[in-house]
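Read off the chains here:
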Amino acid sequence: MLTSTDFSGLFNGRFLRNFFPIPASSRFRVGQKVPDFLLPDITNQTTLRLSSCRGNQPIILAFTRIFTEKQYCPLCYPHIIELNESYEQFVQKGVEVLMITSTDTRQSRQVVKDLGLKMPLLSNPSCDVFRNYEVGQALGAPLPAQFVLDKEGRLRYKHLFSFLSPNASVEKLLATVDSIS
């Protein structure tokens, strides 16, 4: 699925740094605390530190693959839409969904506006958080992945990209959240 024929802004430093394939191989194990990070929350126009969420509620880290404000990964676009449409279900269960993208602030603002995102969209154009979580990369952008963290910030579930299963289903994420609540 091609979301736009506008390829402006696609070929940039981020694209070149993420061009060569690196498979997803996250070293984090269930029960382990994951690394902290500080990223701009474009949806809420603030900055979010992951550790500030510890002790409050379970968190889903949804690393997603967006190339530019007009170009989405065809395997990720439906997942982004489904997460956004299901956001209230997560909130009702006391879970926060943090979507992480490699688009810059300007591009991310446009994504939030165009898709009417309800969940926080965290911008990580340097891709350092993507690399720290070892989600992999290919053809100009980091790969998608989902991590479910309990209230204490411990990993309870991870899903890494594969062509057979590019993203964890919303049903699987909701079931995982139910099992840790």
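Residues numbered from 1 in each chain as written. Predicted model: local features only at pLDDT ≥ 70, side-chain atom pairs only at ≥ 80, totals over all residues. Heavy atoms only, no water.

A. Inspection of the overall build of the protein chain at higher detail. Summing up its helical and strand segments, the protein chain has 5 helices and 9 strands in all. Each helix and strand of the protein chain, ordered N terminal to C terminal, gives the series α-β-β-β-α-β-α-β-α-β-β-β-β-α. Taken over the C-alpha trace, the protein chain has a radius of gyration of 15 Å; the compact-globule value for 181 residues is 16 Å, and the two agree within 12%. Counting only C-alpha atoms and orienting by the principal axes, one finds that the protein chain spans roughly 45 × 30 × 30 Å. Residues classed as buried in the protein chain amount to 51% of the 181 residues present. (Helix = DSSP H or I, 4+ residues; strand = E, 2+ residues; numbered from the N terminus. Rg over C-alpha atoms; globule rule 2.2 N^0.38 Å. Buried < 20%, exposed > 50% of the residue type's maximum accessible area, 1.4 Å probe, protein only.)

B. Geometry of the layout of surface pockets. Estimates place the volume of the largest pocket at around 260 Å³. Here the residues of the lining of the largest pocket sort into 13 nonpolar, 1 polar and 1 charged. (1 Å grid on protein atoms, 1.4 Å probe; cavity = no way out; pocket = protein on both sides within 12 Å on 5 of 7 lines; lining within 4 Å. Points joined across faces, edges and corners; volume = space filled by probe spheres on them. Nonpolar A, V, L, I, M, F, W, Y, C, P; charged D, E, K, R; others polar.)

C. Just the pairing of strand E9 (residues 155–160), in detail. Both strand E8 (residues 145–149) and E9 contribute to a ladder of 5 bridges, which runs antiparallel. Bridged to leucine 149 within E9 is leucine 155. The loop that links E8 with its antiparallel partner E9 comprises 5 residues; one of these, glycine 153, has a positive phi angle of about 85°. (Pairing = 2+ DSSP bridges.)

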